[in-house]
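Each chain is listed here by its residues.
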Amino acid sequence: MESDLPVLLREQVERCMFPRWYEQFRHVTIKSTCIPLPEPFLETLLSDEFHVDASAFPTRHVNEYDQDSDDEWDYGEGAGKTDMATQFPDLNQAISDCIAKYEGGVLPKLNWSSPKDAVWMNTCGTLRCERPVEIYMLLKSSDFIVHDLCHPFDECSDVETEQGQNGSVVTPGVPYTLVLRKWSNLHAGREFRVFVNEKKIAAVTQRDTAYYEHLEREKQQIVGNITKFFSENEMCSKLSLDHFVFDVYVDKSMRVWLVDVSPFCKTTESILLQWDEILSSRTSQSPLVRFADALSAATPGIGAYNRVPQDVVSRAAQGGVEDLVRMMQLAEKGQQPESSESDEER
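Reading the values: rules and limits
Numbering of residues begins from 1 in every chain and follows the order in which that chain's sequence is written. Local features in this predicted model are restricted to residues whose pLDDT is 70 or higher, and side-chain atom pairs enter the listing and the counts only when it is 80 or higher, whereas totals over whole chains, interfaces and linings include all residues. Hydrogens are left out, water is left out, and the side-chain values use all remaining heavy atoms of the structure. At least two DSSP bridges between two strands are needed for those strands to be called paired. The numbering of helices and of strands both runs from the N terminus, where a helix is a DSSP run of H or I of at least 4 residues and a strand a run of E of at least 2. Here the axes come from fitting lines to C-alpha atoms, over the contacting stretch only for helices, and the angles between their N-to-C directions go from 0 to 180 degrees. What makes a nonpolar core is a set of buried Ala, Val, Leu, Ile, Met, Phe, Trp, Tyr and Cys residues whose side-chain atoms join them at distances within 4.5 Å. Type-normalised accessible area, obtained with a 1.4 Å probe on protein chains alone, sets the label of each residue: buried when under 20%, exposed when over 50%, and partly exposed for intermediate values. Two residues qualify as a contact provided that any one of their heavy atoms is within 4.5 Å of a heavy atom in the partner residue. To pair, rings of Phe, Tyr and Trp, with the six-membered ring standing in for Trp, must have centres within 6.5 Å; the planes then decide the type, stacked if under 30 degrees apart, edge-to-face if over 60, and tilted in the middle. Any Lys NZ or Arg CZ that is within 6 Å of a ring centre and within 35 degrees of that ring's normal is treated as a charge sitting over the ring. When a carboxyl oxygen of Asp or Glu is within 4 Å of a side-chain nitrogen of Lys or Arg, the pair counts as a salt bridge.

**Focus: the sheet that holds strand β7 (residues 256-262)**
In step 1: On the basis of which strands lie adjacent, the open sheet formed by 5 strands has the order β7-β6-β4-β5-β8 and mixed pairing. Two strands in the sheet have a free side with no partner beyond their single neighbour: β7 and β8 (288-290). Between one strand and the next, the sheet's axes are offset by a mean angle of 20 degrees, whatever the strand orientation.
In step 2: In this structure, strand β5 (residues 200-206) lies alongside β8, joined through 3 bridges in parallel fashion. Bridge assignment links Thr205 to a residue of β8, and that residue is Arg290.

As structure tokens, this is what we get:
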């Protein structure tokens, strides 16, 4: 059924870039600043080296059990190397100014994606950044950011993709931008993903896969308000798209806020839905809606799987389902799972 997905063109993907839609919807979205990125910075993100000033990180408190551990980042053979702040002083200053403007906290992303798969790298356990160095570290550590840089048009029928492309070349012709969004403490149970097919809402799912009791009570009102938001803001017309995916946040007063816009293609996560269900629902009078039920309460949210290194996931999986679930529960609490390896094995 995925073969029935509408034909995707490069221009359609470009219309989902944050800078392309932000100005038209700034009154209904989170305050944000777009900073153009120089080509050398993009190449640095894809390089094997990463040099930053370790003193720029927040102070970490080390307890007695950590005295013998290596509390320093290995940034490569850094002696004599120029750190990113010094290498790109204008960019570093622009980022610092933006962080100050937004009162000390921002969420970083590029044209399409945020580095949510690298959140485990951040000391606070979220994407909140208070220093430029934290932003550099997240961007450098994220496969989602690599996809933005090297593979944004892989699903497009009018773009030839080289077989075996290794993700080390920046896609030409894209004005890459660092987007810094004012940090907001959004409740995961109030975020939703909406699928638009043939200019109508085909499906709605919550973004976090955990169970939230309030969604059972508020389901009808939430979907109704999202539908009203979609219509009143003339999203299809303003985006010039017939098929797309958008994320929203519905606050406690039931006001809807636009969070992001994504292409209508299989690389966009369908969360609790399957793409064949989404495509089949286009003939229905009302959208397909799916929220997690009470049986999902023990299942960690989908974001937890992006908060831990892949090698840790693999080791936990080898240890059995119970170890993997324990690891995900720790990730949900913003804690790092303990490794069973000895210092010598590292």
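More follows now that the structure is in view.
**Topic: the nonpolar core**
In step 1: Formed by 76 residues in total, the largest nonpolar core has its most connected members in Ile226, Phe244 and Phe246.
In step 2: Each residue touching Ile226, except ones within four places of it in the same chain, is listed here: Phe192, Val194, Ile201, Val204, Phe246, Val248, Val250 and Val256.
In step 3: Residues Phe195, Ala203, Trp275 and Ile278 belong to the second largest nonpolar core, which totals 9 residues.

**Brief notes about helix α3 (residues 39-46)**
In step 1: Taken residue by residue, α3 has Phe41, Leu42, Thr44, Leu45 and Leu46 as its buried positions.
In step 2: The secondary structure elements touched by the buried residues of α3 are α4 (84-87), α5 (89-101), α6 (132-141) and α7 (143-150).

**Looking at the sheet that holds strand β3 (residues 177-182)**
In step 1: Taken in spatial order, the 3 strands of this open sheet run β1-β3-β2, and their pairing is antiparallel. Whereas interior strands pair on both sides, the edge strands pair on one side only; in this sheet they are β1 (32-36) and β2 (106-109). Between one strand axis and the next, the sheet turns through 20 degrees on average, direction left out of account.
In step 2: Looking at chain direction, β1 and β3 are connected through 5 bridges and run antiparallel. Within β3, the position partnered with Thr33 by the bridge is Leu180.
In step 3: On top of the sheet, α5 reaches β1, β2 and β3; it is set at about 175 degrees to β1, its chief contact.

**Remarks on the packing of aromatic side chains**
In step 1: Here the structure, examined in full by the defined rule, presents 12 aromatic pairs.
In step 2: Taking the centre distance of 6.1 Å and the plane angle of 10 degrees together, the rings of Phe230 and Phe246 count as stacked. Pair noted here: Phe230 is in helix α8 (residues 213-232) and Phe246 is in strand β6 (residues 244-250), with a separation of 16 residues, a long-range link.
In step 3: The class of Phe246 is buried, set by a relative accessible area of 0%.
In step 4: Each member of the aromatic cluster is reached from another via a ring pair, and the members are Phe18, Trp21, Tyr22 and Phe25.
In step 5: One residue, Lys219, lies across the ring of Phe291, its end atom 6.0 Å from the ring centre.

**As for the pattern of salt bridges**
In step 1: Per the counting criterion, the structure on display carries 16 salt bridges.
In step 2: Arg15 is paired through a salt bridge with Glu11; the nearest N and O atoms lie 3.0 Å apart.
In step 3: Taking relative accessible area as the criterion, Glu11 reaches 31% and is therefore assigned partly exposed.
In step 4: Between Asp247 and Arg193 there is a salt bridge, with its nearest N and O atoms 2.7 Å apart. Of this pair, Asp247 sits in strand β6 while Arg193 sits in strand β4 (residues 191-197), placing them 54 residues apart in sequence. For the residue pair Asp247 and Arg193, the accessibility class agrees, reading buried in each case.
In step 5: The structure contains a network of salt bridges with shared partners spanning Arg128, Glu130, Arg131 and Glu134.

**Quick look at the pairing of β4**
In step 1: Most of β4 sits inside the fold, with 7 of its 7 residues counted as buried.
In step 2: Both faces of β4 are covered, namely the face carrying Glu191, Arg193, Phe195 and Asn197 and the face carrying Phe192, Val194 and Val196.
In step 3: Two strands pair when backbone bridges link them, and β4 and β6 are joined in this way by 6 bridges, in the antiparallel orientation. Along β6, the bridge assignment pairs Phe192 with Val248.
In step 4: Here 6 bridges tie β4 to β5, and the two strands are oriented antiparallel to one another. The partner of Phe192 across the bridge, within β5, is Gln206.

Purely geometric numbers; function is a separate question.
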